[in-house]
Amino acid sequence: LAGTVLLALDLTGTFAFALNGALTALRATRLDIVGVVTLGMITALGGGTIRDVLLDSLPPATFVDGRYLAVAAAGGLIAFFSGRHLERINGTINVLDAAGLSLFAVTGALKGLDLGFGPAQAILVGAITGVGGGTIRDVLIRRVPSVLSSGLYAIPALIGAAATVAATGLGASGPAVTVGAAVLCFVIRMVGVHYDLNAPSPLAPPTPEPRDGD
Amino acid sequence: LAGTVLLALDLTGTFAFALNGALTALRATRLDIVGVVTLGMITALGGGTIRDVLLDSLPPATFVDGRYLAVAAAGGLIAFFSGRHLERINGTINVLDAAGLSLFAVTGALKGLDLGFGPAQAILVGAITGVGGGTIRDVLIRRVPSVLSSGLYAIPALIGAAATVAATGLGASGPAVTVGAAVLCFVIRMVGVHYDLNAPSPLAPPTPEPRDGD
Amino acid sequence: LAGTVLLALDLTGTFAFALNGALTALRATRLDIVGVVTLGMITALGGGTIRDVLLDSLPPATFVDGRYLAVAAAGGLIAFFSGRHLERINGTINVLDAAGLSLFAVTGALKGLDLGFGPAQAILVGAITGVGGGTIRDVLIRRVPSVLSSGLYAIPALIGAAATVAATGLGASGPAVTVGAAVLCFVIRMVGVHYDLNAPSPLAPPTPEPRDGD
């Protein structure tokens, strides 16, 4: 039963990421149906793919399992066909996206631990599972990934992954750990959205170079 | 013999992708010899590399086989040294590029099937083999990949890969399948180029956000 | 002893890449702490990760070894907290970056040879180890990677990697080869910086297309 619940949650997160990712891409640039569906799928599946490369767990789990591919493609297609009408439920989509982030961070960290990696590596891949897909999408639509510049997105993912690793290190495991750590990540993310919080910015940034830094 | 013909076709596609990819990059931005040759090689070899990551078939076949590296580097070097003079044969290069797309889509799908993946995965990696390299190139020269926004490029690749998978599922195999599916992809691609066809665009796109979506 | 020296040099190069990479990113765009540290770590570890994918040596060595992660994160954090103050030691950082490039090119090529790859592949992965991380960073901050457009960065890396491969082919090995090839790369890089040398540009570039090439 716990496995079924986790799978249902994971597929829900995948769907929310694909829908939200495709809508974000549609707002940012001109795309055709190939672009919208591709970017939805990349947002949903890209983070897990980077995780599986780093953990040497290829082929990527979400590529082999056709249910993930189907759910991600469905999210992208729905965004393509009903883009504007979905704006009314933007709040719902943001909540689903935060749920996806939380689940991906926790299940990503658990996968790292399961495969025998250390705590730092497990926390990193947890966060990467959560934020990696949106980062690739932003690069493809030519935006500096928002996760690198503003908002509170990677930090809740890191906290959720760290809570997972800490609980596992203390001998706890099972659905209670998964759900608890995911709820922690989710709450921090939603508080950040509600109060428009940002991660700290540099106090004394170096002088900008308008062209050809390096 | 069939193997030799297939290899010759594959190397021709690699060369055409490298030449066309390097010329596209040269038109879009300022580059030195390192950039032109690198972008030619990435256009030619990038799609197959993503395919081999997803299929857990590392190291990538076209990285191990020095002939692919040499042919791709040659395409980039020719673009570097004779850029402007190649514009006269732009039509020829487009035809070669469509041939490369067709061959890569078909051979990519066949590789997915050979390694035991399902039909959806085989179709996806076929298309990715065809369009992946140009997508990475476009990201590196800071363009929204044209495959995501306009034209008819991914769709012929998907159809060619799907025809390959369908024929194999019906028990057909051998050069006739390869050539038939590749010709199907090629014809659709060239019809698209000739009549300037585009994949469908969203009917009701969401309101654009000029800055910082998400 | 030789192993310890090599490790110390490699960690120094990692630190220099992270520091320099994070500072370059800070100069080019607005980032928060997540962005600065992430881009520092990607600059330091990205090239080795691409190398390990191409060589099928996953999980990536610098991901498994926590010391590389720690040193790279430290470089990014220092850039975040003392950005402007580091401008005074810009010359030192450039020297450290050239040292990192040299070491990464040589150790990357050696790893390719150790795993049984041919000379062309070993030279390529050596250069990719040196320039790959900065290339991913530039893509994430929306710049055409400087390694593709100007300066003398990939060429010294290619020469250092080629010298490593040539010496190994002639039966030489050990610290003398490593240090000799790294010094060769380092000197060429610093001469290039000092005299502002560039790799050759195309003589007859094709007509630019301001929009939608392809």
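Given the structure is predicted, the values throughout are model-derived calculations rather than measurements.

Broken down by element type, chain A carries nine helices and zero strands. Scanning chain A from its N terminus toward the C terminus, one meets helices and strands in the order α-α-α-α-α-α-α-α-α. For 214 residues, the compact-globule estimate of 2.2 N^0.38 gives 17 Å, and chain A sits close to it at 17 Å. Burial status across chain A gives 54% buried among its 214 residues.

With that settled, consider the environment of A182 of chain B. Residue and element names in this part refer to chain B. Here A182 shows up in helix α9 (residues 175-195). Judged by relative accessible area, which is 9%, A182 ranks as buried. Remark: the alpha-carbon pair of A182 and A157, spanning 25 residues in sequence, is separated by 8.8 Å. For A182, the contacting residues outside a window of four places in its chain are S102 and V106.

What follows covers the packing of aromatic side chains. Under the criterion given, the structure shown has nine aromatic pairs over all chains. Arranged with centres 5.8 Å apart and planes meeting at 50 degrees, the rings of F117 of chain A and F63 of chain C form a pair that is tilted. Here F63 of chain C lies in helix α3 (residues 61-64) and F117 of chain A lies in the loop between α5 (90-114) and α6 (119-140), a pairing that spans two chains.

So, on to the packing of helix α5 (residues 90-114) of chain B against helix α6 (residues 119-140) of chain B. All names here are of chain B. Where α5 meets α6, the closest approach of the two axes is 7 Å, and the angle between their N-to-C directions is 145 degrees. By crossing handedness, the relation of α5 to α6 is classed as right-handed. Contact residues: L101, F104, A105, G108, A109, G112 and L113 in α5; A122, V125, G126, T129, G130 and V131 in α6. By residue class, the composition of the contact of α5 with α6 is eight nonpolar, five polar and no charged.

In this section: a nonpolar patch on the surface. Residues V179, V183, V187, V191, Y195 and L197 of chain A make up a contiguous nonpolar surface patch of about 520 Å² in total accessible area. Structurally, V191 of chain A is set in helix α9 (residues 175-195).

As a further point, take helix α9 (residues 175-195) of chain C. Residue and element names in this part refer to chain C. Along α9, the residues classified as buried are V177, T178, A181, A182, C185, R189 and G192. Buried residues along α9 cover an arc of 115 degrees about the axis, so they all sit on one side. Relative to its buried face, α9 has exposed residues pointing more than 90 degrees away, namely P175, A176, H194 and Y195. Where α9 terminates, the next one or two residues include D196, which has phi positive at roughly 55 degrees.

Listed per partner, the contact involves 38 residues of chain A and 36 residues of chain B. Across the chain A/chain B interface, buried area totals approximately 3100 Å², and carbon plus sulfur atoms make up 61% of it. Put simply, chain A and chain B have zero salt bridges between them. Where chain A packs against chain B, one counts seven residue pairs in polar contact (both at pLDDT 80 or more).

A word on the relation of the copies chain A and chain C. Screw-axis analysis of chain A against chain C gives a translation of 0.0 Å along the axis, an RMSD of 0.0 Å, and a rotation angle of 120 degrees. Taken together, these values place the two copies in the relation of a three-fold axis. Residue by residue, only 19% of the interface of chain A is reproduced at the interface of chain C, so the copies engage with different surfaces.

With that out of the way, let us pick up the side chain of Q121 of chain C. Here Q121 of chain C shows up in helix α6 (residues 119-140). Apart from residues no more than four positions distant in its own chain, Q121 of chain C is found in contact with F63, V64, D65, G66 and L69 of chain B.

Glancing now at the interface of chain A and chain C. On the chain C side, the residues contacting the 36 residues of chain A number 37 residues. Summed over both partners, the interface of chain A with chain C buries about 3100 Å², with 61% contributed by carbon and sulfur atoms. Put simply, chain A and chain C have seven residue pairs in polar contact (both at pLDDT 80 or more) between them. For the side of chain A that touches chain C, the elements supplying multiple residues, two or more each, are α2 (33-54), α6, α7 (146-149) and α8 (154-169) of chain A.

You can overlay chain A on chain B at an RMSD of 0.0 Å; the transform is a turn of 120 degrees with a shift of 0.0 Å along its axis. Different-surface contact between copies: only 18% of interface residues of chain A are shared with the interface of chain B.

A separate point is the confidence of the model for chain A. Per-residue confidence for chain A averages 90 on the pLDDT scale, and 96% of its residues sit at or above 70. Two numbers describe this predicted complex: its pTM, 0.93, and its ipTM, 0.91.

With that settled, the discussion passes to the packing of helix α2 (residues 33-54) of chain C against α6 of chain C. Residues and elements named next belong to chain C. The contact between α2 and α6 brings their axes to 7 Å, and the two run at 135 degrees. When the axis of α2 is compared with that of α6, the two are oblique. Handedness of the crossing formed by α2 with α6: right-handed. Contacts between α2 and α6 involve L39, I42, T43, G46, G47, G48, I50, R51 and L54 from the first element and V125, I128, T129, G132, G133, G134, I136, R137 and L140 from the second. Here the contact of α2 with α6 is built from residues that sort into eight nonpolar, eight polar and two charged.

We now examine unusual backbone geometry. Omega for the peptide link from L58 of chain A to P59 of chain A comes to -5 degrees, which places this bond in the cis form. Mapped onto the elements, P59 of chain A comes out in the loop between α2 and α3 (61-64). Residue D56 of chain C is not a glycine yet carries a positive backbone phi of 55 degrees. With respect to the helices, strands and loops of the structure, D56 of chain C is situated in the loop between α2 and α3. Overall, D56 of chain C belongs to the partly exposed group, its relative accessible area being 36%.

Looking at the secondary structure, you find F81 of chain A in helix α4 (residues 66-82). Sequence separation between F81 of chain A and F63 of chain A is 18 residues, and the spatial gap between their C-alpha atoms is 24 Å.

What follows covers the environment of G108 of chain A. Residue and element names in this part refer to chain A. One can find G108 in helix α5. Separated by 14 residues in sequence, G108 and A122 place their C-alpha atoms 7.5 Å apart. Apart from residues no more than four positions distant in its own chain, G108 is found in contact with R51, V125, G126 and T129.

All names here are of chain A. Tallied over the entire structure, the rule returns 15 salt bridges over all chains. When the shortest N-O distance is used, the salt bridge between R67 and D65 registers 3.0 Å. With a relative accessible area of 46%, R67 lands in the partly exposed category. The network of salt bridges with common partners includes R51, D52 and K111.

Rules of the game
- Residues numbered from 1 in each chain as written.
- Chains lettered and ligands numbered in written order.
- Predicted model: local features only at pLDDT ≥ 70, side-chain atom pairs only at ≥ 80, totals over all residues.
- Heavy atoms only, no water.
- Helix = DSSP H or I, 4+ residues; strand = E, 2+ residues; numbered from the N terminus.
- Rg over C-alpha atoms; globule rule 2.2 N^0.38 Å.
- Buried < 20%, exposed > 50% of the residue type's maximum accessible area, 1.4 Å probe, protein only.
- Contact = heavy atoms within 4.5 Å.
- Phe/Tyr/Trp six-rings, centres within 6.5 Å; stacked < 30°, edge-to-face > 60°.
- Axes fitted to C-alpha atoms, helices over the stretch in contact; angles between N-to-C directions.
- Left-handed = near helix turned anticlockwise from the far one by under 90°.
- Nonpolar A, V, L, I, M, F, W, Y, C, P; charged D, E, K, R; others polar.
- Patch = residues over 30% accessible without salt bridge, like charges linked within 9 Å, V, L, I, M, F, W, Y side chains within 5 Å.
- Areas by Shrake-Rupley, 256 points an atom, 1.4 Å probe, with all protein chains shown as cover.
- Salt bridge = Lys/Arg side-chain N within 4 Å of Asp/Glu carboxyl O.
- Arc of directions from axis to C-beta.
- Buried area = accessible area lost by both parts, 1.4 Å probe.
- Polar contact = N/O pair within 3.5 Å; in protein donor to acceptor, adjacent residues only side chain to side chain.
- Least-squares fit on C-alpha atoms with pLDDT ≥ 70 in both.
- pLDDT = per-residue confidence, 0-100.
- Parallel < 35°, antiparallel > 145°, perpendicular 65-115°, else oblique.

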